[in-house]
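Here is what each chain is made of, one letter per residue.
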Amino acid sequence: MDKNKVALTPPMGWNSWDCYGASVTEEQLIGNAEYMAKYLKLYGWEYIVCDIQWYEPKAKSTEYNHFYPLEMDEYSRLIPAVNRFPSSRNGAGFKPIADYIHSLGLKFGIHIMRGVPRQAVHAGTPIKGTNVTARDIAHSYSICPWNTDMYGVNPDAEGAQEYYNSLFELYAAWGVDFVKVDDICNTEFSPSNPYSAKREIEMIRRAIDNCGRPMVLSLSPGPAVIEEAEHLSKHANMWRISKDVWDNWEQIYEMFEKCNQWSPYVREGCWPDCDMLPLGRICINTPGYDQNARYCRLTKDEQITMMTLWCIFRSPLMIGGELRDNDEWTFNLLTNHEILGLLKHSYGARQIMRTGDTIVWTSNGIDGSKYVAFFNISFAFTNPSISLSRLGLRGTYKVRNLWKHEDTGVVSDYVSANVNPHGAVLYKLTKID
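Residues numbered from 1 in each chain as written. Predicted model: local features only at pLDDT ≥ 70, side-chain atom pairs only at ≥ 80, totals over all residues. Heavy atoms only, no water.

A. Looking closely at the sheet that holds strand β8 (residues 216-219). In space, the eight strands of this open sheet follow the order β10-β9-β8-β7-β3-β2-β1-β13, with parallel pairing throughout. Taken across any chain shown, the strands that pair with only one partner, and hence form the sheet edges, are β10 (271-273) and β13 (317-319). For this sheet, the mean inter-axis angle between neighbouring strands, taken without regard to orientation, is 25°. Across three bridges, the pairing between strand β1 (residues 12-15) and β13 is parallel. Each bridged residue has a counterpart across the sheet, and for W14 the counterpart in β13 is I319. Running over the sheet, helix α3 (residues 95-103) touches β2 (47-50) and β3 (107-113) and is turned about 145° from β3. (Pairing = 2+ DSSP bridges. Helix = DSSP H or I, 4+ residues; strand = E, 2+ residues; numbered from the N terminus. Axes fitted to C-alpha atoms, helices over the stretch in contact; angles between N-to-C directions. Contact = heavy atoms within 4.5 Å.)

B. Structural context of helix α9 (residues 249-262). Between its first and last C-alpha atoms α9 spans 20 Å; for 14 residues at 1.5 Å apiece the expected length is 20 Å, and the two agree. Burial in α9 covers these residues: W249, Q251, I252, M255, F256, C259 and W262. (Expected span 1.5 Å × (residues − 1). Buried < 20%, exposed > 50% of the residue type's maximum accessible area, 1.4 Å probe, protein only.)

C. Summary view of the sheet that holds strand β16 (residues 370-376). Here six strands make up an open sheet; going across it, the order is β14-β15-β16-β21-β18-β19 and the pairing antiparallel. Since the sheet does not close on itself, it has two edges, and those belong to β14 (346-354) and β19 (406-411), each with one partner. Taking the axes of each pair of neighbouring strands and ignoring which way they run, one obtains an average angle of 25° across the sheet. The pairing of β16 with strand β21 (residues 424-431) spans six bridges and is classified as antiparallel. By the bridge assignment, F375 is partnered in β21 with A424.

D. Highlighting the nonpolar core. Membership of the largest hydrophobic core comes to 132 residues, with the highest contact counts inside it found for F168, Y171 and W361. Of the residues forming this core, the biggest block, nine residues, is contributed by helix α6 (residues 160-174). Core analysis: the next-biggest nonpolar cluster, separate from the first, contains 18 residues, L391, Y397, V399 and V425 among them. (Core = buried A, V, L, I, M, F, W, Y, C linked by side-chain atoms within 4.5 Å.)

E. Structural detail: the layout of surface pockets. For the second largest pocket, the calculated volume is near 370 Å³. The wall of the second largest pocket is formed by 19 residues, among which I304, N401, W403, K404 and A424 lie closest to the centre. Among the elements of the structure, α10 (300-313), α11 (328-334) and β21 are those that each provide at least two residues to the lining of the second largest pocket. By residue number, the principal contributor to the lining of the second largest pocket is β21, which donates four residues. Split into classes, the residues belonging to the lining of the second largest pocket amount to nine nonpolar, eight polar and two charged. (1 Å grid on protein atoms, 1.4 Å probe; cavity = no way out; pocket = protein on both sides within 12 Å on 5 of 7 lines; lining within 4 Å. Points joined across faces, edges and corners; volume = space filled by probe spheres on them. Nonpolar A, V, L, I, M, F, W, Y, C, P; charged D, E, K, R; others polar.)

F. Quick look at the pairing of β14. Bridging between β14 and strand β15 (residues 358-365) involves six bridges; their strand directions are antiparallel. Paired with Q351 across the bridge in β15 is W361. The antiparallel hairpin formed by β14 and β15 contains three residues in its connecting segment.

G. Representation of the pairing of strand β7 (residues 178-182). Of all five residues in β7, five are buried, a share of seventy percent or more. The alternating pattern of β7 places F178, K180 and D182 and V179 and V181 on opposite faces, both of which are buried. Sheet topology places β3 next to β7; five bridges connect them, and they run parallel. Each bridged residue has a counterpart across the sheet, and for I110 the counterpart in β7 is V179. Both β7 and β8 contribute to a ladder of four bridges, which runs parallel. Across the sheet, the residue bridging to V179 is L217, located in β8.

So yeah, pure geometry; function would need other evidence.
Okay, here's the thing in structure tokens:
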């Protein structure tokens, strides 16, 4: 199957990291899946993704337990910790959870680290379908500096491709629809080299293509290297263009330039990824980052800016907060069908103006409309405007404010907006003459 047909539009879902760190449980996955099915599926949200350390019995927070024993099968493959995922007992793996999530009309995803478990390498455990062991395929110096679980895989070693094939054969049997692969996207931690990044990405791509089940391939963390854009586009469906994004304005502000840089590479099946949306209640099991669970610290205007930029740019959307704790504001932010329609049904987004206090993006609707987003990056109210000619438009247009769900008038020369500090206004312009 053409990998680009797996993600025709930017994937939308929920990921357990921002609220549960390394310690998410079966109950928490199922609870969020049931909420999504009941309240969010109608708006296009569909993926439930179990993030890192699902194979570690002792995981309790975002903080990693270095060199702790992991659950593993006889073929050097990590499997769910039964104490945290009881339905995985007796070798069932994630299949019972995936089956239930599928029964809700949703899709299931998992996080993995690139490479082979260090404990498999040290024990010399077998690689399925080969006469070699984990020790034979590992690069002992190819390691992740922030997680001690894995060694990178030597792509030139006998059995290396077979190892990745066996992983995705297992994930296909579980019913996995989405795989987020970490420590692989040319990060600030691991600069690009021919072993830890590009060639392991290629092995993973081949393994997915051979497993018989369509899967979205997401690469993390970032920032990805723009010089590798074509390679990433060829092999992955989404890739992180930033480091982890949390609920502070500085990181949202930095994303404008990243989106501007990556906008030419946004296309069907290829989605540069601005990272998760740290919206709602987050950091529930995260003592290493904050002493208490909290609701998103971004102002309401900053949250609107985040959603507007992510959607006009067409980033994948992964909610980070505990869905069952959503307040009315967060729920409404995530279910604005006009904003999400922009994410699903637009093309050609680009930045067309930037001044000291204003950034303007525009995009094209597949129905012939034009989207215009005004962003205020200052600490004062602004009233920016832009001519229709600069938008490439001639004639008379109806203007609709998508956040307020209201038509604001008719224009034939320029369009303007009143924008709150760190806020955004998003218009849809539809030609009437």
